[in-house]
Amino acid sequence: MRGLRSGTGLVVIALTATLLALLFPLWSYADRSGTPLADVDAGTVATRWGPLSAADRDFVVRVRLAGLWEGPAGRQAVERDPSAAIEAAGQHLVDGHAFLDARVREVAGLLGMELPGRPNAQQRGWLRTLTADRGAAYERDFANLLRAAHGTVFPLVARIRTDTRNTLVRGLADDANTTVLDHITMLEATGLVDFDALARDGAATAPRSPTGPPPPTPGAAVPSAAPLRSGPPVSAGPSFSLPPAVSRSKDEASAAPEAHTP
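About the criteria used
Residues numbered from 1 in each chain as written. Predicted model: local features only at pLDDT ≥ 70, side-chain atom pairs only at ≥ 80, totals over all residues. Heavy atoms only, no water. Axes fitted to C-alpha atoms, helices over the stretch in contact; angles between N-to-C directions. Helix = DSSP H or I, 4+ residues; strand = E, 2+ residues; numbered from the N terminus. Parallel < 35°, antiparallel > 145°, perpendicular 65-115°, else oblique. Contact = heavy atoms within 4.5 Å. Nonpolar A, V, L, I, M, F, W, Y, C, P; charged D, E, K, R; others polar. Buried < 20%, exposed > 50% of the residue type's maximum accessible area, 1.4 Å probe, protein only. Lys, Arg positive; Asp, Glu negative; His and termini not counted. Salt bridge = Lys/Arg side-chain N within 4 Å of Asp/Glu carboxyl O. Core = buried A, V, L, I, M, F, W, Y, C linked by side-chain atoms within 4.5 Å. Expected span 1.5 Å × (residues − 1). 1 Å grid on protein atoms, 1.4 Å probe; cavity = no way out; pocket = protein on both sides within 12 Å on 5 of 7 lines; lining within 4 Å. Points joined across faces, edges and corners; volume = space filled by probe spheres on them. Phe/Tyr/Trp six-rings, centres within 6.5 Å; stacked < 30°, edge-to-face > 60°. Lys NZ or Arg CZ within 6 Å of the ring centre and 35° of its normal.

What follows is about the packing of helix α3 (residues 54-79) against helix α5 (residues 121-132). Here α3 crosses α5 at 5°, and the two axes come no closer than 10 Å. The pairing of α3 with α5 is recorded here as roughly parallel in orientation. Packed against α3, whose contacting residues are L65, A66, W69, P72, A73 and Q76, the element α5 presents Q123, W126, L127, L130 and T131 at the interface. Grouping the amino acids of the contact of α3 with α5 by side-chain chemistry returns 8 nonpolar, 3 polar and no charged.

Secondary-structure assignment places E139 in helix α6 (residues 135-163). No salt bridge is formed by the buried E139. Its closest oppositely charged neighbour is R80, at 8.9 Å. Residue contacts for E139: discarding those within four places in its chain leaves P82, S83, I86 and L192.

Quick look at the nonpolar core now. Soluble globular proteins: nonpolar side chains tend toward being buried together. By size, the foremost hydrophobic cluster in this structure holds 20 residues, and its most contacted members are F59, V60, L111, V169 and L172. The set of elements that each furnish at least two residues to this core consists of α3, α4 (84-111), α6 and α7 (167-188). Broken down by element, this core gets its largest block of residues, 6 residues, from α4. Once residues lying within four places of it in the same chain are set aside, the contact partners of F59 are L156, V157, I160, V169, L172, A173 and A176.

With 29 residues, α6 ought to run about 42 Å at 1.5 Å a step, and its terminal C-alpha atoms sit 43 Å apart, in line with that. Every buried residue of α6 is accounted for by Y138, E139, F142, A143, N144, L146, R147, A149, H150, L156, V157 and I160.

Moving on: the layout of surface pockets. Counted as a void, the largest pocket has a volume near 540 Å³. Residue assignment for the lining of the largest pocket shows that the elements contributing at least two residues are α3, α4, α5, α6 and α7. It is α6 that contributes the most residues to the lining of the largest pocket, 9 residues altogether. As a volume, the second largest pocket reaches approximately 240 Å³. Along the wall of the second largest pocket there are 11 residues; nearest its centre are A148, G151, T152, L198 and G202. Contributions of two or more residues to the lining of the second largest pocket are made by α6 and α8 (195-205). In terms of residues, the lining of the second largest pocket owes the most to one element, α6, which gives 6 residues. Grouping the amino acids of the lining of the second largest pocket by side-chain chemistry returns 5 nonpolar, 4 polar and 2 charged.

For the coordinates displayed, the defined rule picks out 2 aromatic pairs. The interplanar angle of 50° and the centroid separation of 4.9 Å between the aromatic rings of W69 and W126 together place this pair among those described as tilted. Of this pair, W69 sits in helix α3 while W126 sits in helix α5; the two residues are 57 residues apart in sequence, bridging distant segments of the chain. A cation over an aromatic ring shows up here: R80 above the ring of Y138, its NZ or CZ 4.3 Å from the ring centre.

Here the focus is the environment of A102. Examined against the element boundaries, A102 turns out to sit in helix α4. For A102, a relative accessible area of 37% translates into the label partly exposed. Sequence separation between A102 and G67 is 35 residues, and the spatial gap between their C-alpha atoms is 9.9 Å.

So, on to the pattern of salt bridges. For the structure shown, the criterion picks out 7 salt bridges. Here E188 and R147 are joined by a salt bridge, their closest N and O atoms 2.9 Å apart. Within this pair, whereas E188 is found in helix α7, its partner R147 is found in helix α6, the two being separated by 41 residues in sequence. Judged by its relative accessible area of 29%, E188 is partly exposed. The network of salt bridges with common partners includes R64, D101 and R105.

Below, the structure is given as structure tokens:
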């Protein structure tokens with residue numbers, strides 16, 4: 001009997017341990033950092049305009065940092081009196097970031113967020129490079145440094161615009177999207193952007209084996225396009241204009257909150 005009780009006890013202990021092992025992942029990983037649910041909820045706080053996530057706050061800070069170095073870079077381009085294309089791009093940077101900086105300070109104030117007061121170390125290094133450059137080197141570095149920076153932030157704006165549950169952050173993302181696309185267009189219009197270098201940098205972080213149709217076979221016949229109808233010449237520019245920036249006053253933002261909980 002003693003042996004039977006001892007054996008039964010071992011079986012019960014083993015079954016209990018197995019059950020605990022099976023249940024452990026269900027509660028220990030549900031709120032552990034690194035899982036999708038935890039990534040969404042970690043650091044999220046409730047506001048009158050919807051949940052404000054850690055990613056939302058990071059985006060607001062990044063918008064402020066971008067203006068702290070791209071605005072001065074644009075002013076420097078205008079003051080140096082370079083080519084007309086560089087001067088035009090610089091003026092767009094000045095105007096766009098003056099508007100966007102006012103917006104980000106408005107949003108941060110409503111959300112009770114602190115913002116940086118100067119560019120980060122990398123951005124200060126870019127400004128030093130531009131300040132030391134002269135002539136053609138300056139124009140080349142201006143176009144490529146700023147185009148690369150805008151290309152990096154462009155997908156971030158899209159992701160925040162898609163995922164955020166906060167209406168203030170969503171409106172800021174709309175404004176940032178319009179501004180960044182305008183700046184990218186003006187920088188590319190200088191004719192100095194090194195697209196091969198941008199492609200190489202992008203390939204370093206792109207997913208491996210991208211999907212898509214196979215490349216064409218060398219020497220294969222290419223189907224001819226349908227003949228164009230006669231008429232006035234087609235403009236090489238886009239057939240649409242950029243949408244106006246989505247901006248609301250502080251009073252409007254305060255008067256129309258959305259009630260959400262994280």
